[in-house]
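Structural description and commentary
Listed below, chain by chain, are the residues.
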Amino acid sequence: MVRTLALLLMLAACSDRREVLNELPNSTLADAPRAEVSESRMDTPAARPVTIGEDGPRLDACGGLGQVSRSGAGGLPLLAAPFADAKVIAQLPEGQRAYICTRSLDQKWLGVVVQPTPAQEGEPAGDCGVSSPVDRKQPYDGPCVSGWLASPYMRLIGG
């Protein structure tokens, strides 16, 4: 009986009816009226930039090179964020190469920088600025298109 009473008192002392989201100082959902916050916390995913330099300042900004495989006739969608319903930036054809820079936490998505195709056969592809080291981890803001691809459709060919 005494143990049960002690357990109930501890649980009552630890309970706090405040919402966790309201306690997070940088949360965009803090102090938002409950009606404006969906259960999934986002109705439409916003763009999430691809991060480069995750391997440190001694290695290339993007550690791998991949090639689109099994994309189908319409191509593989390059998305603005690592979510299936994110905005489509481009459709990548079978065989398109891309630098692999990061992964989503669940490993389902790859953050990539798309290697431009040469204007003519035999010319080198354009430089995206990710095949050399960067000082720190940062969002990619270079000249090439970047976004997120479903990882099962990217075959590693280098890195």
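This text gives an overview of the structure that appears in the document. (Residues numbered from 1 in each chain as written. Predicted model: local features only at pLDDT ≥ 70, side-chain atom pairs only at ≥ 80, totals over all residues. Heavy atoms only, no water.)

1. Quick look at unusual backbone geometry
The criterion, for reference: Here a strand is any run of E in DSSP of at least two residues, a helix any run of H or I of at least four, and the numbering for each starts at the N terminus.
One non-glycine residue, R70, lies in positive phi territory at about 55°. Mapped onto the elements of the fold, R70 is located in the loop between β2 (64–68) and β3 (76–79). Positive phi is not limited to glycine here, since Q107 has a value of about 65°. Checked against the element boundaries, Q107 lands in the loop between β5 (97–103) and β6 (109–114).

2. Re the side chain of S104
For the record, the criterion: Throughout this description, a polar contact denotes any pair of N or O atoms lying within 3.5 Å of each other; where both atoms belong to protein, one of them has to be capable of donating a hydrogen while the other can accept it, and for residues adjacent in sequence the pair is counted only when both atoms sit in side chains. The contact definition used throughout considers only heavy atoms, calling two residues in contact when any of these lie within 4.5 Å.
Along the chain, the position of S104 falls in the loop between β5 and β6. Among the polar contacts made by the side chain of S104, one reaches the main-chain amide nitrogen of K108 at a distance of 3.4 Å. Other than its neighbours up to four places away in sequence, S104 contacts P82, W109 and W148.

3. Remarks on the nonpolar core
What tends to happen in soluble globular proteins is that the nonpolar side chains get buried as a cluster. Note the threshold: To form a nonpolar core, buried Ala, Val, Leu, Ile, Met, Phe, Trp, Tyr and Cys residues must be joined to one another through side-chain atoms within 4.5 Å. Whether a residue is buried, partly exposed or exposed follows from its accessible area with a 1.4 Å probe, protein chains only, as a fraction of its type maximum: under 20%, in between, or over 50%, in that order.
Grouped together as the largest cluster of nonpolar side chains are 19 residues, with contacts concentrated most on I52, Y99, V113 and V130. Residues in contact with I52, not counting those within four places in the same chain, are A61, C62, C101, V130, V134, R136, K137, Q138 and Y140.

4. With respect to the environment of A98
Tracing the backbone shows A98 in strand β5. Classification of A98 as buried rests on a relative accessible area of 0%. C-alpha separation for the pair A98 and G64, spaced 34 residues apart in sequence, amounts to 8.5 Å. The residues contacting A98, other than those within four sequence positions of it, are G64, L65, G66, V112, V113, V114, Q115 and M154.

5. Concerning the pairing of β6
How we decide: A strand pair is defined by DSSP finding two or more bridges across the two strands.
Of all six residues making up β6, six are buried, and the element is well covered by its neighbours. Of the two faces of β6, the one carrying W109, G111 and V113 and the one carrying L110, V112 and V114 are both buried. Inspection of the sheet shows β5 paired to β6 by five bridges, in the antiparallel sense. What sits directly across from T102, in β6, is G111. Relative to strand β8 (residues 146–150), β6 runs antiparallel, the two being bridged by five bridges. Of the residues in β8, the one forming a bridge with V112 is G147.

6. Overview of the pairing of β2
Side chains on a regular strand alternate between the two faces of the sheet. The buried fraction of β2 is high, at five of five residues. Inspection of the sheet shows β2 paired to β5 by four bridges, in the antiparallel sense. Among the inter-strand pairings, Q67 is bridged to a residue of β5, identified as R97. Inspection of the sheet shows β2 paired to strand β9 (residues 154–158) by four bridges, in the antiparallel sense. Within β9, the position partnered with Q67 by the bridge is R155.

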